[in-house]
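Notes for the structure review
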Amino acid sequence: MTSENISSTSYAESSGSLLDAKFHVRSLPDGTEFQVSRHAIETCEVFRNMFACCDHGFELVDDNEESGPQEAVLDLDETEHALATLFRLIQQPPDPPPMENSDGTRPRFKLDAGSVIPFPVLPSMIQLADKYGLSETIICSLHLHVQANAATNPLLVYAYATTHNLPKIAAEASAHLLHPPLSSYPKEDIQIIPTVTAYHELLRLHEYRKYRLRDILLNEDIFPHGYGTCPVHKQWATQLWEQKRVYLATQIEAATDIAGEMGGLAGQLSSCLLCGKALTAAVEMLQYKCQKVERTVDYVPQDYWLGAI
């Protein structure tokens, strides 16, 4: 039978030249045939090499004598779905996912409906692209779609990226794995991380962030060097700040919003203009410093060890 998923004219031209000669690719598991043309699929390295070995004409096995030399059949051990996906990648290469920034920093993708290929179908697409030698442009585009899925499927993307040695994608996924704490994952979920090293890199990121956030918190005062001190409420405001930050320091996780937590003191200091201004300034400084703390596995200092904390 002939697949309905791929148009019989999608890959064939009406020219009689060898380059445009028609033939069929048949799925061995399903028996489904796809009518294609040499010109359409020569962008694929595997098919191009095959044609190079047959440059006196098609030497493919023809199981229908009446169809003539331009109706040969190539049997491939791929399912109908795999072949349909392969030919669609060749005919309609996917565009990279749209980005909100293009300045060379960590990419921020526009996660609009339909703009990003869902992660579950991407591994098989990339496997086909590698297997049949599709262009680097297509493979890079598919990798960007994997990276764009990091925000919604971070653990799956991290596991895939570390399995297939894709460090930039793994780093992007790690930024979305700061919460919840690693210890909160069920064993059946966390065990998809393929190696101890990959898990250890995540653990180092979490512990390093906790170490840095705690250090920032414990070294930020509400009245730094006496600046902005309220002469009336200095002792009371300082005590509130100290009690809050000492407690918070024992609760810090990799994704803790320290500035937001300390900003919760605003209600207790709202009656004093000077104390309120001092709190706002201290919280803004905390936010600024915390935003500079590394968020991905590739930026954790190599000389940082878990024993440092």
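Residues numbered from 1 in each chain as written. Predicted model: local features only at pLDDT ≥ 70, side-chain atom pairs only at ≥ 80, totals over all residues. Heavy atoms only, no water.

Check the secondary structure of the protein and you find 13 helices and three strands. Pairs at least 24 apart in sequence give 69% of the contacts found in the protein among residues at least 6 apart. For the protein, the exposed surface amounts to about 17,100 Å²; the carbon and sulfur share of it is 52%. (Helix = DSSP H or I, 4+ residues; strand = E, 2+ residues; numbered from the N terminus. Contact = heavy atoms within 4.5 Å. Areas by Shrake-Rupley, 256 points an atom, 1.4 Å probe, with all protein chains shown as cover.)

For the rest of this paragraph, the subject is the packing of helix H4 (residues 122-131) against helix H5 (residues 136-148). Two numbers describe how H4 lies on H5: the axes approach to 10 Å, and their chain directions differ by 160 degrees. As far as their axial angle goes, H5 and H4 are roughly antiparallel. Considering only the axes of H4 and H5, their crossing is left-handed. Note on element contacts: H5 touches H4 through Ile139, Leu142, His143, His145 and Val146, opposite Leu122, Met125, Ile126, Ala129 and Asp130. (Axes fitted to C-alpha atoms, helices over the stretch in contact; angles between N-to-C directions. Parallel < 35°, antiparallel > 145°, perpendicular 65-115°, else oblique. Left-handed = near helix turned anticlockwise from the far one by under 90°.)

Time to look at unusual backbone geometry. Cis geometry is found at the peptide bond from His179 to Pro180, where omega equals 5 degrees. Tracing the chain through its elements places Pro180 in the loop between helix H7 (167-175) and helix H8 (187-190). Its identity is not glycine, yet Asn165 carries a phi of approximately 55 degrees, on the positive side. Tracing the sequence through the fold places Asn165 in the loop between helix H6 (154-163) and H7. Given the relative accessible area of 65%, Asn165 is considered exposed. Although it is not a glycine, His225 sits at a positive phi angle of roughly 55 degrees. For His225, the position within the fold is in the loop between helix H9 (196-218) and helix H10 (234-249). (Buried < 20%, exposed > 50% of the residue type's maximum accessible area, 1.4 Å probe, protein only.)

The next point concerns the packing of aromatic side chains. Applying the stated criterion across every chain, the model contains five aromatic pairs. Members of the aromatic cluster, joined through ring pairs, are Tyr208, Tyr211 and Tyr304. (Phe/Tyr/Trp six-rings, centres within 6.5 Å; stacked < 30°, edge-to-face > 60°.)

With that settled, consider the environment of Leu177. Locating Leu177 in the fold gives a position in the loop between H7 and H8. Along the chain, Leu177 and His206 lie 29 residues apart, while their C-alpha atoms are 8.9 Å from each other. Those residues in contact with Leu177, other than ones at most four positions away along the chain, are Pro154, Leu155, Tyr158, Tyr185, Leu202 and His206.

Quick look at the pairing of strand S2 (residues 33-37) now. Most of S2 is tucked away, with five of its five residues classed as buried. Bridge count for strand S1 (residues 22-27) against S2 is five bridges, and the pairing is antiparallel. Counted as the bridge partner of Arg26 is Glu33 from S2. In this structure, the hairpin formed by S1 and S2 is closed by a connection of five residues, where Gly31 is found at a positive phi of approximately 80 degrees. (Pairing = 2+ DSSP bridges.)

The values reported here are purely geometric and, on their own, carry no functional implication.
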